[in-house]
Amino acid sequence: MMRVINVVGARPNFMKMAPIIEAMNRYPDRFQHMLVHTGQHYDERMSESFFQDLGMPKPDMDLEVGSGSHAEQTARIMVEFEKVCLREKPDLVVVVGDVNSTMACAITAKKLGICVAHVEAGLRSRDMSMPEEINRLCTDVLCDYLFTTDHFANENLRAEGIPSERIFFVGNVMIDTLLKHKEMARGLALAEHWGLARRRYATLTLHRPSNVDDAATLRGIFEALVEVAKEIPIVFPIHPRTRKMVEQFGFGGYCSTTPKPEGLWITEPLGYLDLLHLNMHATMVITDSGGLQEETTVLGVPCLTLRHNTERPITCEVGTNFVVGNQRGDILAQAIKVLGGEVPRGRVPQKWDGKAAERIVEILARADDAMTGESEPAVRVAFQ
Ligand code: UD1
């Protein structure tokens, strides 16, 4: 029996962890697992609603670390998570994604000599101004099991000198969740309720400090989007950090706050199913999120990524993603192309098939067998 602590902290972690928990539940004689929430995200709409939407069990423990500077938040997570590890003595800690909770818990566990698995390993933007890039690098160098989503990630890890036997190409757990909920989301009535005609609106998410913390950059983005919104309405479920900056810069005038089928309008952050519903029926998604680049690739919806780089190049190589930067003219030019029907014909990347979590759990179970001398070592299944 393997004692596992699964860790989540922030919104994009929940949809990645849900299928892993579900897959572990299918092997009750193999895994004794608990779920720890660091509390990095704590608002109902940033956290709790996702547990309901995804049918996830409530966390066994909430470390309630909350917000702070990167150092404060990371340090608080480490102090609290160390106590949990010392008390629970897990054989394995599983971390997902690239948020501060991911890195903090990986470092803490590894220093206690606990095995760590990183799901969504090997993504690289090569942009060290992104906190997530630092989190990804620190996490990957430490982890015993690196579960990857695509060939770029495998190549990145190998180029960094990580031995192949630690790298397992399993596919994309976030897509496991998407495929499981797609039909449920399709039938929701939200778009209709808001007067949005299918394929005649865009959705927007923005939260990266590089886009929202600088007034001139954010103004440029809004100016481009106001132009786009003359053609099709844009729904903008706003991240708490972005709301704060919009208020601070006095940019409320670019957006309306009451639902109406025109212009750029702000809503509270949406739950998983509601956002999936809106995205799957949208003309395009405009975003600076990492996960949405992947979800739109699978949905076949054009995605304008308002960043200068992406750690997910597979979404541009085979998918429907355009990395357009955050300058007014560039955003507008690409949006006009999409509105004019110039849209890529995407493909779904290899192994983004809804079975990634199952592969991960099988590999972990075989590793456990190998440790207890019951079967072939897990390294033999790397890259299958
Ligand atoms: C974090 C992740 C980012 C991920 C994003 C998804 C890091 C470094 N960043 O960014 O990779 O894409 O989550 O949302 O881990 N806040 C609230 N309520 C909450 C959470 C945050 O009001 O529940 C506000 C606070 O003002 C906080 C700010 O948002 O200071 C930023 O939160 P934080 O967790 O530090 O980073 P995110 O920007 O959410």
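Residues numbered from 1 in each chain as written. Predicted model: local features only at pLDDT ≥ 70, side-chain atom pairs only at ≥ 80, totals over all residues. Heavy atoms only, no water.

### Some points on the packing of aromatic side chains
Right, so step 1: All told, the structure shown has 12 aromatic pairs when counted by the stated rule.
Right, so step 2: Ring centres 6.3 Å apart and planes at 85° place the aromatic pair Phe222 and Phe251 in the edge-to-face group. A residue pair is termed long-range when its members are at least 10 positions apart, and Phe222 in helix H10 (residues 215-228) and Phe251 in the loop between helix H11 (240-249) and strand S10 (264-267) qualify at 29 residues. Pair check on accessibility: Phe222 and Phe251 agree, each one buried.
Right, so step 3: Aromatic rings pair up to connect Phe222, Phe236, Phe249, Phe251 and Tyr254 into one cluster.
Right, so step 4: It is Lys351 that lies over the ring of Phe169; its NZ or CZ is 4.6 Å from the centre. (Phe/Tyr/Trp six-rings, centres within 6.5 Å; stacked < 30°, edge-to-face > 60°. Helix = DSSP H or I, 4+ residues; strand = E, 2+ residues; numbered from the N terminus. Buried < 20%, exposed > 50% of the residue type's maximum accessible area, 1.4 Å probe, protein only. Lys NZ or Arg CZ within 6 Å of the ring centre and 35° of its normal.)

### Structural notes on the site of the ligand
Right, so step 1: In the vicinity of the ligand there are 19 residues, among which His41, Tyr42, Asn100, Glu132 and Lys244 approach most closely.
Right, so step 2: Between His41 and the ligand, the recorded distance is 2.6 Å, taken from a side-chain N or O atom to an oxygen atom.
Right, so step 3: When isolated, the ligand has an accessible area of 730 Å², and the protein chains bury 89% of it.
Right, so step 4: Counting only elements with at least two residues in the shell around the ligand, the list comes to helix H1 (11-25), helix H3 (70-88), helix H5 (131-142) and H11.
Right, so step 5: Per element, the largest residue contribution to the shell around the ligand is 3 residues, and it comes from H11.
Right, so step 6: The class makeup of the residues in the shell around the ligand is 6 nonpolar, 8 polar and 5 charged. (Near = heavy atom within 4 Å. Polar contact = N/O pair within 3.5 Å; in protein donor to acceptor, adjacent residues only side chain to side chain. Areas by Shrake-Rupley, 256 points an atom, 1.4 Å probe, with all protein chains shown as cover. Nonpolar A, V, L, I, M, F, W, Y, C, P; charged D, E, K, R; others polar.)

### Looking at the nonpolar core
Right, so step 1: Ranked by size, the top nonpolar core spans 62 residues in total, and within it Met17, Met56, Phe147 and Leu278 carry the most contacts.
Right, so step 2: With 30 residues, the next largest nonpolar core counts Leu204, Leu218, Ile221 and Ala224 among its residues. (Core = buried A, V, L, I, M, F, W, Y, C linked by side-chain atoms within 4.5 Å.)

### Overview of the sheet that holds strand S11 (residues 284-287)
Right, so step 1: Spatial ordering of the open sheet is given by S10-S9-S8-S11-S12-S13, a layout of 6 strands whose pairing is parallel. Each edge of the open sheet is held by one strand with a lone partner, namely S10 and strand S13 (321-323). Averaged over all pairs of adjacent strands, the angle between strand axes in this sheet comes to 20°, irrespective of strand direction.
Right, so step 2: Relative to strand S12 (residues 303-305), S11 runs parallel, the two being bridged by 3 bridges. Residue pairing for S12: Val285 is matched across the bridge by Cys303.
Right, so step 3: Where helix H13 (residues 291-299) meets the sheet, it contacts strand S8 (202-205), S11, S12 and S13, and its direction lies at approximately 160° from that of S12.
Right, so step 4: In this fold helix H15 (residues 328-339) packs onto S11, S12 and S13, with an angle of close to 175° to the strand it touches most, S12. (Pairing = 2+ DSSP bridges. Axes fitted to C-alpha atoms, helices over the stretch in contact; angles between N-to-C directions. Contact = heavy atoms within 4.5 Å.)

### What to know about the pattern of salt bridges
Right, so step 1: Going through the model one piece at a time under the given rule, you end up with 27 salt bridges.
Right, so step 2: Note that Lys16 and Glu120 form a salt bridge whose closest N and O atoms lie 3.1 Å from each other. Of the two residues, Lys16 is situated in helix H1 and Glu120 in strand S5 (residues 115-121); the sequence distance between them amounts to 104 residues. This pair shows no difference in class: Lys16 is buried, exactly as Glu120 is.
Right, so step 3: Between Arg312 and Glu294 there is a salt bridge whose closest N-O contact spans 2.9 Å. In this pair, Arg312 is assigned in the loop between S12 and helix H14 (314-317) and Glu294 in helix H13, connecting sequence segments 18 residues apart. (Salt bridge = Lys/Arg side-chain N within 4 Å of Asp/Glu carboxyl O.)

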